[in-house]
Amino acid sequence: RRRHTRLQGDWSSDVCSSDLVTQQYHAMIDSISIAEKVRRSFAMAAWARDWIGRQIVAEQGPMSERRLKILVALRVYRDDSEVVCLLEQLLRDVPD
């Protein structure tokens, strides 16, 4: 990407710093093995589930682990109506 240099009033062929960061990021990602990418994806998903769980507990108070897992799943899969229906059925069978 080219950027305009205000003082000189011309277009420079200097690469913007954001382009360099993007290039470095892609080089780093490309150097990671598939197994490491999968491990990191699982770790990120686990972190997200834990975070959602903490939000639910903060909103609704303490609850059984089973109820919490179902409520987390409802938030994660809220756009999939079939999954939501199944989870709501499970939730009806879980005591408060």
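Structural notes, computed from the coordinates. (Residues numbered from 1 in each chain as written. Predicted model: local features only at pLDDT ≥ 70, side-chain atom pairs only at ≥ 80, totals over all residues. Heavy atoms only, no water.)

## Describing the packing of helix 2 (residues 34-60) against helix 3 (residues 65-76)
- It is at 9 Å that the axes of helix 2 and helix 3 come closest, and there the two elements cross at 110 degrees. One way to sum up the angle between helix 2 and helix 3 is to call them roughly perpendicular. The handedness of the crossing between helix 2 and helix 3 is right-handed. Contact residues: helix 2 offers R49, I52, G53, Q55, I56, V57, E59 and Q60, while helix 3 offers L68, L71, V72, R75 and V76.
- A breakdown of the residues in the contact of helix 2 with helix 3 according to their chemical character gives seven nonpolar, three polar and three charged. (Axes fitted to C-alpha atoms, helices over the stretch in contact; angles between N-to-C directions. Helix = DSSP H or I, 4+ residues; strand = E, 2+ residues; numbered from the N terminus. Parallel < 35°, antiparallel > 145°, perpendicular 65-115°, else oblique. Left-handed = near helix turned anticlockwise from the far one by under 90°. Contact = heavy atoms within 4.5 Å. Nonpolar A, V, L, I, M, F, W, Y, C, P; charged D, E, K, R; others polar.)

## Describing the pattern of salt bridges
- If you walk through the whole model with that rule in mind, you get four salt bridges.
- In this structure, the salt-bridge partner of E36 is R39, at a minimum N-O distance of 2.6 Å. Of this pair, E36 and R39 both sit in helix 2, three residues apart, which is roughly one turn of the helix.
- The class of R39 is partly exposed, set by a relative accessible area of 47%.
- A salt bridge links E59 to R75; the shortest N-O distance between them is 2.4 Å. Here the residue E59 occupies a position in helix 2, and R75 occupies one in helix 3, the gap between them amounting to 16 residues.
- The exposure class of E59 is exposed, given its relative accessible area of 52%. (Salt bridge = Lys/Arg side-chain N within 4 Å of Asp/Glu carboxyl O. Buried < 20%, exposed > 50% of the residue type's maximum accessible area, 1.4 Å probe, protein only.)

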